[in-house]
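Single-letter residue listing:
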Amino acid sequence: LKTADGRFLAGAQEAADYIINNFLGEWTDSRTNKTYRFLSGGQYPNGVKFPWTSTEHNSRAIIYLNALYQHAPSNNERYAQAARWLAEWMTEQMWQGNHFEPLWREDGVIDRDTDEKVDVQFMPILAFHQARELLGIDPARYSSGLAWLGFLSEADYNGKKVKGYPKRLGNVHSVWVEGT
């Protein structure tokens, strides 16, 4: 999107349109009768969507859709609306008051079994910051997820101590570089 080469922009739009057309799912909360939209985690070879969705993947999609909203010559409102839907699902369903949960099943149940929760705390903050103008969301409101992770881990790398968050919570001798 930053090259100003229309070939890449057209390809980016084609990919976004495919994602929206094939991976956008919806679920209605029976308690509130409110319908949420999100991107599923992918699809099986037969085309059936995976029965789960990820906060991290939806965060990355917000960044992508917001860039297209800003730069694409067409479908801008479609990309903006999709980004708004994903942000609404994340803030109203995946935010637990002090952290984001990583996975959600299409039956409306949050999957709390995984201990991979590092990327899920920082990716929404990056997405909300990047799309702040479009979404009107203050990313600082969700920064407590980083404190919720707790301690920084320490690991040796080429004879030097490296500090950061572990990929899996509780693993005190590793550092997850992407998440840190």
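Structure report, in brief. In this text the structure is predicted, and so the values were computed from the model without any measurement.

**Description of unusual backbone geometry**
For step 1, the next point in the chain: For Asn-33, which is not glycine, the phi torsion reads 65° and is therefore positive.
For step 2, the next point in the chain: As for its position among the elements, Asn-33 is in the loop between β1 (24-29) and β2 (34-39).
For step 3, the next point in the chain: When its relative accessible area of 64% is taken as the criterion, Asn-33 is described as exposed.
For step 4, the next point in the chain: The backbone of Asn-158 sits at a positive phi, close to 50°, despite the residue not being glycine.
For step 5, the next point in the chain: Within the secondary structure, Asn-158 is located in the loop between β6 (153-157) and β7 (160-164).
For step 6, the next point in the chain: Taking the relative accessible area as the measure of exposure, Asn-158 reaches 68% and is therefore exposed.

**Description of the pattern of salt bridges**
Pairs may arise between side chains of opposite charge once their charged atoms sit close together.
For step 1, the next point in the chain: For the structure shown, the criterion picks out 12 salt bridges.
For step 2, the next point in the chain: Between Arg-31 and Asp-29 there is a salt bridge, and its shortest N-O distance comes to 2.8 Å.
For step 3, the next point in the chain: Among the residues examined, Arg-31 registers a relative accessible area of 69% and is labelled exposed.
For step 4, the next point in the chain: One continuous salt-bridge network, built from bridges that share partners, spans Lys-34, Glu-88 and Glu-92.

**Overview of the sheet that holds strand β4 (residues 103-105)**
For step 1, the next point in the chain: What the 3 strands build is an open sheet, ordered β3-β4-β5; its pairing is antiparallel. Edge positions in the sheet fall to β3 (52-54) and β5 (110-111), since each has one partner strand and no second.
For step 2, the next point in the chain: Sheet topology note: the β3/β4 ladder contains 3 bridges and is antiparallel. Residue pairing in the sheet places Ser-54 in a bridge with Leu-103 of β4.
For step 3, the next point in the chain: Contacts from helix α3 (residues 76-94) reach β3, β4 and β5 within the one sheet, and its direction differs from that of β4 by about 90°.

**Description of the packing of helix α1 (residues 6-23) against helix α2 (residues 55-71)**
For step 1, the next point in the chain: Contact geometry for α1 and α2: axes closest at 11 Å, N-to-C directions at 130°. Compared by their axis directions, α1 and α2 come out oblique. In the packing of α1 onto α2, the handedness of the crossing is left-handed. Contact residues: α1 offers Leu-9, Ala-12, Gln-13, Ala-15, Ala-16, Ile-19 and Ile-20, while α2 offers Tyr-64, Leu-65, Leu-68 and His-71.
For step 2, the next point in the chain: Taken together, the residues of the contact of α1 with α2 break down into 9 nonpolar, 2 polar and no charged.

**Some points on the pairing of β7**
For step 1, the next point in the chain: In this structure, β6 lies alongside β7, joined through 5 bridges in antiparallel fashion. Residue Ser-153 lies in a different strand from β7, and its bridge partner there is Gly-164.
For step 2, the next point in the chain: Here β6 folds back onto β7 in antiparallel fashion, the turn holding 2 residues, of which Asn-158 has a positive phi close to 50°.

**A few points about α3**
The periodicity of an α-helix, 3.6 residues per turn, causes residues three or four positions apart to be oriented the same way.
For step 1, the next point in the chain: With 19 residues, α3 extends 26 Å between its outermost C-alpha atoms, agreeing within 8% with the 27 Å of an ideal straight helix rising 1.5 Å per residue.
For step 2, the next point in the chain: For α3, every residue scored as buried is listed here: Tyr-79, Ala-80, Ala-82, Ala-83, Leu-86, Ala-87, Trp-89, Met-90, Thr-91, Gln-93 and Met-94.

**A few points about the packing of α2 against helix α4 (residues 119-130)**
For step 1, the next point in the chain: It is the contact of α2 with α4, at a shortest axis distance of 8 Å, that shows an interaxial angle of 15°. Between α2 and α4, the angle falls in the class roughly parallel. Our pair here, α2 against α4, has a crossing hand that is left-handed. For the pair α2 and α4, contact is made by Thr-55, Glu-56, Ser-59, Arg-60, Ile-62, Ile-63, Asn-66 and Ala-67 and by Asp-119, Val-120, Met-123, Pro-124, Leu-126, Ala-127, Phe-128 and Gln-130, respectively.
For step 2, the next point in the chain: When grouped by side-chain class, the residues that make up the contact of α2 with α4 number 9 nonpolar, 4 polar and 3 charged.

**Observations concerning the side chain of Ser-54**
For step 1, the next point in the chain: Here Ser-54 shows up in strand β3.
For step 2, the next point in the chain: When its relative accessible area of 5% is taken as the criterion, Ser-54 is described as buried.
For step 3, the next point in the chain: Of the polar contacts made by the side chain of Ser-54, one reaches the backbone nitrogen of His-57; its length is 3.0 Å.
For step 4, the next point in the chain: Leave out the neighbours within four places in its chain, and Ser-54 touches Trp-89, Pro-102 and Leu-103.

Definitions and cut-offs
Residues numbered from 1 in each chain as written. Predicted model: local features only at pLDDT ≥ 70, side-chain atom pairs only at ≥ 80, totals over all residues. Heavy atoms only, no water. Helix = DSSP H or I, 4+ residues; strand = E, 2+ residues; numbered from the N terminus. Buried < 20%, exposed > 50% of the residue type's maximum accessible area, 1.4 Å probe, protein only. Salt bridge = Lys/Arg side-chain N within 4 Å of Asp/Glu carboxyl O. Pairing = 2+ DSSP bridges. Contact = heavy atoms within 4.5 Å. Axes fitted to C-alpha atoms, helices over the stretch in contact; angles between N-to-C directions. Parallel < 35°, antiparallel > 145°, perpendicular 65-115°, else oblique. Left-handed = near helix turned anticlockwise from the far one by under 90°. Nonpolar A, V, L, I, M, F, W, Y, C, P; charged D, E, K, R; others polar. Expected span 1.5 Å × (residues − 1). Polar contact = N/O pair within 3.5 Å; in protein donor to acceptor, adjacent residues only side chain to side chain.

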